Structures are given as structure tokens and as C-alpha cells.
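Below are the chains, spelled out letter by letter.
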Amino acid sequence: MRGHESSVFSISVHASGKYAITTSSDTAQLWDLDTFQRKRKLNIRQSVGIQKVFFLPLSNTILSCFKDNSIFAWECDTLFCKYQLPAPPESSSILYKVFAVTRDGRILAAGGKSNHLHLWCLEATQLFRIIQMPTKVRAIRHLEFLPDSFDAGSNQVLGVLSQDGIMRFVNIQTCKLLFEIGSLDEGISSSVISPHGRYIASIMENGSLNIYSVQALTQEINKPPPPLVKVIEDIPKSKLNSVDLKMKITSGRVQQPAKSRESKIQTRILKQDLTGNFESKENELSDGLNKKRLQILLKGYGEYPTKYRMFIWRSLLQLPENHTAFSSLIDKGTHVAFLNLQKKYPIKSRKLLRVLQRTLSALAHWSVIFSDTPYLPLLAFPFVKLFQNNQLICFEVVATLIINWCQHWFEYFPNPPINILSMIENVLAFHDKELLQHFIDHDVTSQLYAWPLLETVFSEVLTREEWLKLFDNVFSNHPSFLLMTVVAYNVCSRAPLLNCNLKGDFQYFFHHRNNLDISVVIREVYHLMETTPSDIHPDSMLDAFVALTKGQYPVFNQYPKFIVDYQTQERERIRNDELDYLRERQTVEDMQAEVDQQRVEDEAWYQKQELLHKAEETRRAMLLQEEEKMIQQRQRLAAVKRELKIKEIHLQDAARRRFLKLQQDQREMELRRLDDEIGRKVHMRDQEIATTAKDLEMRQLELELQKRLYEKNLTRNQEAVAKEMREDADVYRRKVDLEERMFHKLIETDQTQIQQTQKVIKENMAKAEQACLNNDWKIQTLHKQKCDDLQRTKCYQEVARLLQENRRKETEVLNAMLEEEAKKWKEAEEKEFYLRSEKKAAALSDASRKQFLNQEISAAVEHAENPCNKEAPRFQNEQVASSCLPRTSQLNDISEMDPSAHISLNRRTIEWDTTGQDLIKKVRNLRQRLTAQARNRCQTPGLLAT
């Protein structure tokens with residue numbers, strides 16, 4: 001409910017449920033219930049309040065009713081004023097407070113502080129009927145139409161809740177009283193009717209909730225049709241004139257004989273009227289009270305009844321209720337002295353703050369002294385809080401209090417009233433010298449123990465009920481009663497005051513509530529009023545009560561005028577200086593604002609330039625990113641092409657490998673067939689040798705031991721030599737692998753430029769490899785045959801040697817062993833010489849191959865940088881050179897399949913690797929020497945002769 005400065009007392013929801021209107025006394029607001037946002041606000045003048053703003057049923061019209069009886073109809077969507085109801089006739093003018101509309105939105109019923117009801121036809125915007133309720137109805141508190149399922153929304157029965165707590169249901173067409181609920185003993189506080197008109201829920205004044213059945217209440221109305229025979233009634237229940245605009249409703253019970261049952265009810269009504277609500281008593285008993293009788297009542301009960309306290313105060317103070325004079329003071333607006341009242345006196349309730357500000361402003365406009373009185377808000381606040389709903393009464397009560405109970409307060413302005421405080425001190429000195437001496441001993445003056453109570457009129461030290469009880473007695477007695485109350489409060493609090501020794505404790509005591517019975521204080525005040533001597537009694541120095549004059553308020557000038565005028569002039573001068581200063585500061589602020597605006601514009605321009613620069617940098621970065629993306633895409637395309645090319649090469653290589661493997665398998669089958677034939681021949685030879693060996697076994701046993709020793713030494717030497725050969729072979733294999741990798745690198749470098757040349761080279765290589773394989777197969781076959789011949793020859797020689805050795809003596813065996821040892825040493829020296837020569841030849845071959853590979857790599861790089869046809873002869877040379885080189889993978893595959901082929905392959909590898917003729921000759925000579933040495937090892941001197 002943002003935007004309402006006062007409490008919301010009415011909420012109306014549109015029939016569609018989309019909009020709602022909230023109404024307070026100062027404004028009305030239209031809300032969108034879908035978004036919970038305020039759409040429109042109805043602003044009015046301060047002098048014209050709002051009574052009610054609501055939606056008409058089943059329509060798109062808003063009806064606004066103001067306190068001056070003006071009624072406007074607005075279109076909900078456009079908020080365009082559709083029409084305004086004319087002013088009601090002056091003869092029946094009432095202040096509208098409550099309203100009711102039929103379900104079809106055609107008839108508006110309005111009532112207020114009167115027994116008249118106005119019925120408006122909204123279609124014709126005319127007042128078509130005025131209904132006068134019974135005389136016992138003086139004010140209407142609530143109106144509501146009784147729905148009926150069969151009247152199509154044109155409700156005919158209107159429920160009227162009056163001030164006596166009885167709700168009467170009237171037919172607005174016939175003006176007949178149908179039925180009523182509630183009674184004088186059990187009145188209704190508020191009531192509501194169910195949407196279908198079947199039940200009525202009422203909250204009673206005693207707090208109970210009653211539910212009424214409309215069907216049961218209308219049994220007398222809904223009777224079956226009367227018989228044809230009718231009886232003439234003696235007295236009609238009502239007199240109606242359908243032609244007149246004004247119609248009167250009368251209750252039949254009032255016109256019954258005195259002894260009937262209705263007369264008793266009428267008697268009860270009269271009795272109830274004697275104790276009616278406050279509003280009726282205010283109208284009837286404005287000047288009918290007796291002050292003496294009120295004082296007797298006050299002394300008997302200690303306070304006035306809460307229900308009638310305000311009325312009694314108004315009578316005791318004899319308030320004139322000068323509406324015109326008060327309106328003139330209010331129209332002058334808020335006084336400059338109280339513009340910033342909320343800063344010095346922050347009040348939670350905005351309404352209370354506004355009423356306090358208006359009351360103080362009216363007092364300041366009434367007399368200049370009150371604009372400079374610092375304690376005036378403290379003095380007026382309790383009365384403002386008490387009379388916040390009636391500002392006129394609040395102002396006049398405070399003004400009356402100032403004129404009568406604040407006499408001589410402003411003679412020493414702006415200082416506290418020393419004369420009044422001296423009166424209080426004199427009375428306190430007479431009745432309690434010990435307490436006064438205690439105050440004097442602790443430097444506590446009357447400005448500390450009396451003035452805080454007077455300037456706040458005891459509102460700080462008393463509760464609401466205690467304060468009301470006190471001022472019941474203050475307003476009922478002489479103005480000196482208030483001063484005596486200060487003395488009595490100190491006397492009744494003498495015990496805690498005598499225990500106080502610090503000045504701060506005294507200050508706290510007279511500014512906060514204390515545990516003190518106000519009834520005891522009031523009794524002490526009456527005692528002081530009676531026992532105080534006349535020479536020091538305040539009533540001898542204060543004037544009697546004087547009420548405010550009617551029509552215009554009296555002039556209040558009981559203050560040192562020159563001081564107030566001087567302060568006013570000084571304040572006016574200070575205000576002018578402040579205005580000049582504010583104007584200068586406003587000029588400086590305007591200049592500063594212009595400078596700030598220019599700086600903001602410059603900063604905005606620089607920021608815009610910076611943003612443009614950043615945008616340009618961003619676009620450049622985006623272009624660079626796009627270029628990088630294009631480069632990456634090109635690289636990916638090149639990679640894909642390379643992958644496709646590699647796959648093609650792999651497929652070709654796999655086909656070639658499969659063909660070579662097929663040929664290799666065929667040759668392996670032929671070699672296995674040859675091995676089988678050789679195995680059969682060896683088996684036959686073994687059988688022959690076994691037959692011959694059985695005869696020589698006994699002879700061979702003697703020499704077996706010596707043979708084993710010889711074989712053991714020989715095996716040890718052979719193992720050492722084999723280890724060195726394996727190490728040399730590993731080094732050679734690693735070197736070959738390195739050369740192969742360099743060669744493949746050369747092939748990969750030239751792959752994209754010499755694709756056709758590679759195909760020719762591969763074909764030539766395949767042909768060369770095929771030729772090599774064929775030659776190897778032939779060499780292996782001849783080698784197998786040669787090995788078989790050598791083995792046969794060796795076997796024959798072995799048989800012959802064994803036969804000869806059996807005939808020789810032990811000395812010949814020893815000589816042969818010595819001779820054999822000398823030969824071994826000679827052979828070892830020859831092999832060592834051969835090994836050194838082979839290493840030198842291998843080093844020369846490695847250097848030549850490395851130089852050749854480096855030349856080819858450099859040539860490939862130069863061709864990649866500047867491909868041309870000048871390199872064609874070189875490609876032919878490379879083709880011839882590459883066709884002469886064997887493939888290591890093929891050699892390894894063949895060597896793994898057949899160990900015997902490994903020797904020939906290694907031999908072929910050496911033959912292909914060595915390029916010099918000298919090396920070939922050395923190898924041939926070495927092979928011849930090894931063959932001769934083998935033959936020498938297998939022959940004896942006897943066999944050689946043979």
C-alpha cells in the first residue's frame with residue numbers, strides 16, 4: 001500500500017479480478033493485481049476528503065464519493081469522467097458516509113449522519129427517492145442490498161444498520177419495513193450478507209458472532225396468497241404516498257395501544273436512548289452539565305467514565321468550536337518554525353506528526369510567542385495524540401490550557417517561569433521542609449524538580465490512564481491545581497528522592513515513569529489545596545478559569561513583547577542570511593552541476609572513443625582469428641591429403657608384401673623338400689656309420705677323455721669368438737637401421753615432388769629384389785648340395801681317420817695334437833688379420849654411403865625448393881642405386897625362416913654393401929683359406945698321404 005499516508009479503510013476489487021482500488025482519507029490508488037503495480041493515483045485537495053472509491057458491480061465504472069457529497073463516475077480503462085451526480089436538495093442535505101449499489105449497478109443508496117436515505121438512479125444520474133427512517137434512527141452506519149436469485153440483480157431489499165445496533169431491511173420500492181435483526185440489549189457492530197442472500201453474518205457488540213437465516217426471517221413475507229375473504233384492519237401500518245419524492249417509513253409497533261406488547265418494547269427503547277452512544281449525547285447534551293455535580297462525581301469515583309470523558313472535558317473547558325477562525329489559522333499553512341519538526345521530534349506515525357505540526361502551526365499563527373517556545377511540542381503532544389481525529393478540539397483544548405493553566409509562564413521568556421516555580425517552591429517549603437533542604441543541599445533547583453513536570457504536563461512520568469485520570473481533576477478545578485500537583489508529586493515521592501545524591505539521578509527521576517500511585521497523588525493535591533495558607537496559595541495569584549471566546553479567539557499577548565520582537569527580527573535576519581547563503585550555494589551548485597555535466601559528457605566521449613577503439617581491436621582480432629582458422633583448415637586438408645597418400649602407399653606396400661610372401665612360401669616349400677631328401681640320405685649314412693662305429697666303440701673309449709678335453713678348450717675359444725662376432729653384428733645392424741631411416745627420410749622428403757620417379761624406382765627395386773631372391777634361392781640350393789657333399793666326404797674321411805688312429809700309438813696322437821695346436825695359433829693370427837682388414841673396408845664403405853646419402857638429401861631439399869627438369873639424370877642414378885640396395889625387412893624375413901639361408905644372405909649383404917674390387921677379392925681369398933683350413937682340420941697326415 002505504498003503511497004497512502006493514512007490508513008486504508010476500503011478495498012474494492014473489479015469483477016474480473018484484475019484491478020483493485022484502495023482508499024484512504026487522503027488518496028485512492030488503482031492497482032494491477034496481475035503485476036502488483038500501481039497504475040493510477042487519485043489526488044485531491046487537502047480540504048476535500050475521500051469517503052469511498054469503489055467499482056460498480058458487473059461494469060467497468062469507478063464511483064468516487066467525496067466528503068462534500070460530490071459523486072463522480074470514471075471509466076476504468078481510460079479514467080475518463082463519465083458523469084457527475086447533481087447536488088442533493090438542500091432541504092435533505094446530509095453528509096454521505098456509507099454507500100450501497102444494487103447488483104445490476106443501476107441504483108445507488110447513500111446515507112450518513114441522518115435518518116434519511118438517498119436513492120440515486122445511475123442511468124439517469126438523478127435522485128429519484130428519499131427515504132426517511134424511523135425517528136429512533138439518527139445515524140446510518142452501514143448499507144447493503146439483500147441479493148435475490150430471481151430479481152436479475154435489481155435488488156429491492158436494502159439492509160440499514162443504524163447507530164442503535166439494529167439492522168432494518170426495507171423494500172426500497174414500497175418503503176415497507178420487512179424485518180430487522182439485533183436489539184438494543186444485543187446490538188450489531190458490523191454485518192455482511194452472503195453472495196446468494198441466504199445468510200447474514202453479524203458481529204455483535206458483546207463480541208459474539210450471529211448467523212441469521214434469511215429464509216426464516218422472511219417467512220412472514222413469503223406467505224402463500226391471502227384468501228379471497230379479507231378483513232378490514234383498524235389501523236394501517238404505514239402511510240405511503242407513491243407520488244411524493246420523499247417517503248417516510250413508520251413502524252407499526254409504535255402505533256399499537258399502550259397496553260400491548262409493543263408498548264413495552266417502546267419503553268425499553270426510550271430507556272436505551274438515555275444511555276445511547278456518544279454521538280447522540282453530544283448532540284443532545286452539549287450545555288446541559290453541571291460543574292458542581294461533575295466534581296462530586298469525580299471525587300466519588302476518582303475519574304470520569306471513559307465513554308463520556310471527551311464530552312465532559314469539552315463541557316468543562318467550554319470550547320467554542322470556532323470552525324471559521326480555526327480554518328483561517330490552518331489555511332495559513334505550516335509555520336516556518338515547525339517545517340523541520342520531524343528532525344527534532346521523530347514520530348513513527350506520520351498522521352500523528354502531521355496533526356502535531358498543524359496544531360503547533362495554528363498556535364504559532366495565533367500568537368507569535370508560540371513559534372519560539374521550545375517546550376510547546378512537549379506540552380501539546382499528549383492532547384494531539386488524544387484528539388488526533390478532531391484537530392479543532394485539539395487546538396482549542398491546548399489553547400484553553402495555555403490561557404488558564406499556563407498563566408504567567410511567559411513573563412520571563414525565554415527563561416522558565418521563575419514566578420511560577422517560586423510559588424511551587426514556597427508551597428513545598430511549607431509542607432515538606434526536609435525534602436526542600438535535601439534539594440538545596442544537592443544543588444537541585446525548581447527548574448529540575450518542577451519545570452520538567454510542567455512543560456510536559458506529566459506525560460513523561462505517567463501512563464495514559466494515569467494521565468487521563470489526573471487531567472479529569474485538573475480540568476475540574478482551579479488552574480492552581482496543576483501547580484499543586486507538582487508539589488504533591490514531589491511530596492509523595494520523597495522517599496526515593498531523599499535517597500538520591502547525584503544530580504543525574506534527579507534528572508532521570510523527573511523524566512521517566514516511577515512506581516507511584518496517581519490516586520495517592522490526587523488525594524495529596526486536594527489535601528494541599530485545603531491546607532495551604534492563603535498568602536502562599538497559588539489561587540490567590542492566578543486568575544479563575546476563562547473560556548475561549550466564540551467566533552474569534554482572544555488575543556494572547558502575556559509575554560515580553562520586545563524580547564519576542566527582537567528574537568523575531570533576529571530570526572528574520574538569520575533567515576534572510578540563510579536564504580542569501582542558500583541562493584549563493586544554489587548558484588555554486590548549479591555551476592558545479594554544469595562542470596560535472598561537462599565532465600560527464602567529456603568522460604562519455606572518451607569512453608565512447610575507447611569503446612570504438614576496443615571495437616576496432618576486437619574486429620581485428622576477429623579477422624586474425626578467422627585467418628588462423630583458415631590456415632588451420634588448410635593444414636587439416638593437407639593432413640587429410642597426406643593421410644590418404646600414406647594409406648595408398650600402405651596399400652601398395654601391403655600388396656607387394658603379400659606377393660613377396662607368396663614367392664617366399666613357395667621357395668620355402670622347395671627348400672623343405674630338399675631338406676627331406678638330405679635327411680633321408682643322412683639317415684642312411686648314419687645307419688652305415690653306426691654299424692661301423694659299434695666295432696670301434698671299445699677302441700674309442702681310451703681316447704674319449706682326451707677328445708673331450710680338446711673339445712672343451714675348442715668350445716671356449718669358439719664362444720669368445722662368437723661373442724665378438726655377435727657384438728660386431730649388432731653394431732652393424734644398428735648402423736644399417738640408421739642408414740635405412742636416413743634413406744626413408746630421403747624418400748619421404750622427395751615423395752610429393754617425385755611421385756612418378758618413386759613408382760619407377762619401386763618397380764626397379766621390386767625387379768632387383770626378385771632377381772636377388774632368385775639368385776639367393778639358387779645359391780642356397782648349391783650351398784645345400786655342397787654342404788651335403790662336404791659332409792659325405794667328411795664322414796668318409798672320418799671313418800678312414802678313425803681306422804688309422806686306432807693303429808697309431810699314443811706318441812703319434814701327441815705329435816698330432818701339438819701340430820694341430822700350432823696350426824690353430826697360425827689360423828687365429830690369420831683370422832685376426834682378416835678381421836682388421838674387414839673393419840677397415842667396412843669403415844670405408846660407411847663413409848662412402850654416408851656421403852652418398854648426404855648428397856642425396858641435399859639434392860632432395862634443393863629440388864623441393866626449386867623443382868625443375870635438370871635433376872632427371874640424377875633421379876636415374878638414384879633409381880639404379882636404390883635398385884641395387886636390398887631391403888632389410890626382406891632379408892630378416894628370409895633369415896628367420898631358414899637359418900641356413902642366413903649365411904648366404906649375410907654374405908650377399910656384404911657383397912652388395914662393399915663397392916670396391918679389392919674388398920671382393922679379399923673376401924674370396926678369405927673364403928678359400930677357410931675352406932682349406934676346414935679340410936686340414938678334417939684330415940690327418942695319413943689321410944693326406946692317401
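Residues numbered from 1 in each chain as written. Predicted model: local features only at pLDDT ≥ 70, side-chain atom pairs only at ≥ 80, totals over all residues. Heavy atoms only, no water.

Asks: Please give an account of helix α9 (residues 376-386) that cites residues and values.
Replies: The element α9 is largely enclosed, with a buried count of eight among its 11 residues. The set of residues buried in α9 consists of Leu376, Pro377, Leu379, Ala380, Pro382, Phe383, Val384 and Leu386. Of the surrounding secondary structure, the elements contacted by the buried residues of α9 are α5 (309-317), α7 (341-344), α8 (350-366), α10 (391-404), α14 (451-455) and α15 (464-474). (Buried < 20%, exposed > 50% of the residue type's maximum accessible area, 1.4 Å probe, protein only. Helix = DSSP H or I, 4+ residues; strand = E, 2+ residues; numbered from the N terminus. Contact = heavy atoms within 4.5 Å.)

Asks: Which residues make up the confidence of the model for the protein, and what values go with them?
Replies: Low pLDDT means the predicted coordinates in that region are not meant to be read closely. Mean pLDDT over the protein: 78, with 81% of residues reaching 70 or higher. Within the model, the stretch residues 869-915 combines pLDDT values under 50 with 64 contacts to residues more than four positions away or in other chains. (pLDDT = per-residue confidence, 0-100.)

Asks: How would you explain the pairing of strand β15 (residues 167-171) if you had to name every residue and give the values?
Replies: Consecutive residues of a regular strand have side chains that alternate between opposite faces of the sheet. Burial within β15 is extensive, with five of its five residues counted as buried. Side-chain alternation along β15 places Met167, Phe169 and Asn171 on one buried face and Arg168 and Val170 on a second face that is also buried. Here five bridges tie strand β14 (residues 157-162) to β15, and the two strands are oriented antiparallel to one another. The residue bridging Gly159 from the neighbouring strand is Phe169, located in β15. If you look at the hairpin formed by β14 and β15, you'll find four residues sitting between the two strands, and Gly165 has a positive phi there, around 85°. In this sheet, strand β16 (residues 176-181) lies alongside β15 in antiparallel orientation, the contact comprising five bridges. The partner of Arg168 across the bridge, within β16, is Glu180. Connecting the antiparallel pair β15 and β16 is a turn made up of four residues, with Cys175 showing a positive phi of about 55°. (Pairing = 2+ DSSP bridges.)

Asks: I'd love a proper account of the side chain of Ser476, names of residues and values included.
Replies: Position of Ser476 among the secondary structure elements: in the loop between α15 and α16 (480-492). What makes Ser476 buried here is its relative accessible area of 0%. A polar contact of 2.5 Å, which involves the side chain of Ser476, links it to the side chain of Tyr304. In this structure the side chain of Ser476 is engaged in a polar contact, spanning 2.6 Å, whose partner is the backbone oxygen of Asp472. Contact partners of Ser476, with chain neighbours within four places excluded, come to Lys291, Gln295, Leu298, Tyr304 and Leu316. (Polar contact = N/O pair within 3.5 Å; in protein donor to acceptor, adjacent residues only side chain to side chain.)

Asks: Just give me the short version of the environment of Phe66, but keep the residues and values in it.
Replies: Mapping Phe66 onto the fold places it in strand β6 (residues 61-66). Measuring from C-alpha to C-alpha, the distance between Phe66 and Val48 comes to 6.9 Å, with 18 residues separating the pair along the chain. Non-local contacts of Phe66, meaning those with residues more than four positions away in its chain, are made with Leu42, Ile44, Val48, Gly49, Ile50, Gln51 and Phe72.

Asks: So what's going on with the nonpolar core? Residues and values would help.
Replies: Trp366, Phe383, Leu454, Phe458, Trp467, Phe471 and Phe475 are the most contacted members of the largest nonpolar core, which has 99 residues in total. The element that contributes the greatest number of residues to this core is α10, accounting for 10 residues. With residues up to four places along the chain from it excluded, the contact list for Phe475 reads Trp313, Leu316, Leu317, Phe383, Val397, Leu401 and Trp405. The next biggest cluster of nonpolar side chains, apart from the first, holds 18 residues, and it includes Leu63, Leu85, Val101 and Leu108. (Core = buried A, V, L, I, M, F, W, Y, C linked by side-chain atoms within 4.5 Å.)

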